[in-house]
Amino acid sequence: MTTEIELKYLVLGNDTVEKITQTLNRENIHFSYQEKQLANCYFDTPELNLRQHDMGLRVRRSNSHIEQTIKTAGQVVGGLHSRPEYNVDIEGELPILRLFPDEIWQPSQSVENIQHDLVALFNTDFKRCTWLITDASGNKVELAYDQGEVASAENKERIHELEFELVQGDKSALFTLASLLFKALALRPGLKSKAARGYALWRTEPVVAATPQQSFICHKGSDSIANAFTDGLSYGLTRLQNSIEAYLATPTLHELVAVKANLALIRHGFWLFADYLSPDELLIRDELSHFVHLLTWVDNAIHLQELTNKTGNYRKKLDFSKLLIEQLQIEKRRFPDSDDISQLLHSSRFNQLQLSILQGYLARSEHTAMASEVGDDTLIKFAQDKIQLSLSEISEQMKNMASSDCQQYIAQSKLLYRSSLTGTWLAGLFDNDLRDKFRRPWLDLQQGISELQSLWIIQLQLEKLSEPPKKLVQWQQSKVQGLLLALDNTKAIAIEMEPYWLE
């Protein structure tokens, strides 16, 4: 048995082999190079017995050599794949399960029955270009570039990916090499194996990674503060990379909002746990801020899209003024397009950010506590203090603001958003019913302020017109006043809610 440790990246662009070879030569990195054609067939039972046990079975042919491989349950975090695998040479095209060690099977699995029921589900056929690299410290890394396709019946998908597999030494060698190639290639972390993509094609499902379903990050009050942050890094990074995949599959503003939201969520964790972080880790927070700021335009773009969409809530009213619609569309065209965003998501700096988060997670996972952790505060006490501070800030601001003031409500949106992120990190540690009851009016405030921002954009664009239609101006003012009254009522309810975190 070997445990496969590899970084996987999907490649955007051409001339990949030439770019890699030029980079290695330029850096005076020693390597040997070879090419080969690989044909792989993946097997399972019709009921997917192996898949249900997180196992993958394939037969690979390379020239006259045939090998069967089974991979057992492993872990994928941030594009780093770690899975035990077993390889056995065979002579035919069908796997022989009894050749694998007995201990890999679960008690509920009958090897004989599985063998009898095996069927071929899909194939992956690709050309593999490999660079076997030895660095100055003696670490050995196999860099493999695969180009071909995964196919199941009539369904096909392109393979265009780069794998960094640790052959010998320390896995930090993978990160060093990846950082070097970020500057030469347009990449993004690959979350799904070829097998996972093949299963999705066999089931004719879209190959988009599912976003984690849990609403809150921290759930176990018995956790240490250190472990809570470490688990949050893994959760946040997985959410971020899933949202990136979702955007690239369907490049809409709503999918891009999720990317920005997940960047902000991870960054907020670095703010919450700042007293427990090293200076180097705080640099990651600064990089997260850089990309959050690059995407600040997305919120306004969402409002403009809603206003200019023919099925939008206000479009019928706005049709009173074609000039206003034209003005809104001009504003919308000033934002980056999907090609610009794709380049950003495949950029060296963005890849390096994700790799830094992954390295931080791995470093923390190898230690039971943060080196800089001080005091004996429990996670529950930590969460109570942070939630109390967050809600005190927003409650004070809300109490001091004038009622029915459009700009003052909009000015509170950032503070409200930060407070909700504190809740996303820490509110899962407390009673579900009390928490949800408390959060409901605050979330209603957020939604109402978002609608108010759309109406504010209409007002700003109306003011740019030399003769704005009176009917439209009156409608806009009426909508704002009605919404402000509703926000005032919701604000009063929210401020008086009993704290759920002190129960």
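Structure: see above.
This is a predicted model, so every value here is computed, not measured.

How each quantity is defined
Residue numbering note: each chain is counted from 1, following its sequence as written. Selection of residues for local features in this predicted model requires a pLDDT of at least 70, selection of side-chain atom pairs for listing and counting requires 80 or more, and totals for whole chains, interfaces and linings are taken over all residues. By convention in this description, side-chain values take in all heavy atoms of the structure and omit both hydrogens and water. Where helices and strands are cited, they refer to DSSP runs of H or I of at least four residues and of E of at least two residues respectively, numbered from the N terminus. A simple rule labels every residue: compare its accessible area, found with a 1.4 Å probe on the protein chains alone, to the largest value its type can have, and call it buried under 20%, exposed over 50%, or partly exposed in between. Contacts are residue-level and defined by heavy atoms, with any inter-residue pair within 4.5 Å sufficient. Each polar contact in these results corresponds to two N or O atoms within 3.5 Å; when the atoms are within protein, one needs to be able to donate a hydrogen and the other to accept it, and residues that are neighboring in sequence are counted only if both atoms are side-chain atoms. Any carboxyl oxygen of Asp or Glu that lies within 4 Å of a side-chain nitrogen of Lys or Arg is treated as forming a salt bridge with it. The arc in question is the one spanned by the directions pointing from the helix axis to the C-beta atoms. Every definition here rests on a 1 Å grid over the protein atoms only: cavities are sets of points where a 1.4 Å probe fits but cannot get out, pockets are open sets enclosed by protein on both sides within 12 Å along at least five of seven lines, and lining residues have some atom within 4 Å of a point. Grid points are joined across faces, edges and corners, and a volume is the space filled by probe spheres set on the points. Basically, the charged four are Asp, Glu, Lys and Arg, the nonpolar ten are Ala, Val, Leu, Ile, Met, Phe, Trp, Tyr, Cys and Pro, and anything else, Gly included, counts as polar. Note on definitions: angles span 0 to 180 degrees between N-to-C directions of axes, and those axes are lines fitted to C-alpha atoms, for helices only across the stretch in contact. Should an angle fall under 35 degrees it is called roughly parallel, over 145 degrees roughly antiparallel, and 65 to 115 degrees roughly perpendicular, with every other angle called oblique. In this scheme the crossing of two helices becomes right-handed for a clockwise turn of the near helix relative to the far one and left-handed for an anticlockwise turn of less than a right angle.

Peer 1: So what exactly am I meant to see when it comes to the environment of Asp-146 here?
Peer 2: Checked against the element boundaries, Asp-146 lands in strand S8 (residues 140-152). Note on Asp-146: relative accessible area 0%, which makes it buried. The contacts of Asp-146, once residues within four sequence positions are left out, are Phe-126, Lys-127, Arg-128, Ile-159, His-160, Glu-161, Glu-163 and Lys-194. One polar contact links Asp-146 to Arg-128, side chain to side chain, over a distance of 2.8 Å.

Peer 1: Can you help me understand the pattern of salt bridges in this one?
Peer 2: Should the charged atoms of two oppositely charged side chains come close, the side chains can pair. In total, this model carries 21 salt bridges according to the counting rule given. Between Arg-128 and Asp-146 there is a salt bridge, with its nearest N and O atoms 2.8 Å apart. Pair noted here: Arg-128 is in strand S7 (residues 119-134) and Asp-146 is in strand S8, with a separation of 18 residues, a long-range link. Like Asp-146, Arg-128 is buried. Across the pair Asp-223 and Lys-220 runs a salt bridge, and its minimum N-O distance is 4.0 Å.

Peer 1: I'm lost on helix H12 (residues 338-345) in this one. Help?
Peer 2: Every α-helical turn comprises 3.6 residues, leaving residues that sit three or four positions apart pointing alike. Within the sequence span of H12, burial applies to Ile-341, Ser-342, Leu-344 and Leu-345. Down the axis of H12, the buried side of the element spans an arc of 160°, and every buried residue falls inside it. Away from its buried face by more than 90 degrees, H12 exposes Asp-339 and Gln-343.

Peer 1: Even after reading the chapter, I still don't get empty space enclosed by the protein, so can you show me in this structure?
Peer 2: Over the atoms, a rolled probe matching the size of one water molecule traces out where space is still vacant. Enumeration over the complete set of coordinates arrives at two cavities of 30 Å³ or more. Here the largest cavity is characterised by a volume of approximately 140 Å³. Lining the largest cavity are 13 residues, and of these Leu-391, Ser-419, Ser-420, Arg-439 and Trp-442 lie nearest its centre. Of all the secondary-structure elements, those providing two or more residues to the lining of the largest cavity are helix H14 (379-400), helix H16 (413-426) and helix H17 (432-463). In terms of residue class, the lining of the largest cavity is made up of seven nonpolar, five polar and one charged. Within this model, the second largest cavity holds a volume of roughly 30 Å³. For the second largest cavity, the full set of lining residues is Arg-188, Pro-189, Leu-191, Gln-241, Ile-244, Glu-245 and Gln-354. The set of elements that each furnish at least two residues to the lining of the second largest cavity consists of strand S10 (186-189) and helix H6 (225-249). It is H6 that contributes the most residues to the lining of the second largest cavity, three residues altogether. The residue makeup of the lining of the second largest cavity, split by class, is three nonpolar, two polar and two charged.

Peer 1: Would you mind going over the environment of Gln-384 with me for this structure?
Peer 2: Turning to its location among the elements, Gln-384 is positioned in helix H14. Separated by 46 residues in sequence, Gln-384 and Phe-430 place their C-alpha atoms 9.6 Å apart. With near-sequence residues (within four places) excluded, Gln-384 lies in contact with Phe-430, Trp-501 and Leu-502. Side-chain polar atoms of Gln-384 contact the backbone oxygen of Trp-501, separated by 2.9 Å.

Peer 1: When you look at the packing of H6 against helix H13 (residues 348-365) in this model, what are you seeing that I'm missing?
Peer 2: The description of two helices packed together rests on the angle between their axes and the distance between the axes. Two numbers describe how H6 lies on H13: the axes approach to 9 Å, and their chain directions differ by 150°. On the basis of their axis angle, the class for H6 and H13 is roughly antiparallel. In terms of crossing hand, the pair formed by H6 and H13 is left-handed. For the pair H6 and H13, the contacting residues are Phe-229, Thr-230, Leu-233, Ser-234, Leu-237, Leu-240, Gln-241 and Ile-244 in the first and Phe-350, Gln-354, Ile-357, Leu-358, Gly-360, Tyr-361, Arg-364 and Ser-365 in the second. Residues belonging to the contact of H6 with H13 are distributed by class as follows: nine nonpolar, six polar and one charged.

Peer 1: Even after reading the chapter, I still don't get the side chain of Ser-420, so can you show me in this structure?
Peer 2: Summarising the element assignment, Ser-420 is placed in helix H16. Excluding its chain neighbours within four sequence positions, the residues that come into contact with Ser-420 are Arg-439 and Gln-446.

Peer 1: Can you help me understand the environment of Gly-190 in this one?
Peer 2: Within the fold, Gly-190 resides in the loop between S10 and helix H5 (194-202). Once the C-alpha coordinates of Gly-190 and Glu-161 are considered, the two residues, 29 residues apart in sequence, prove to be 7.9 Å apart.

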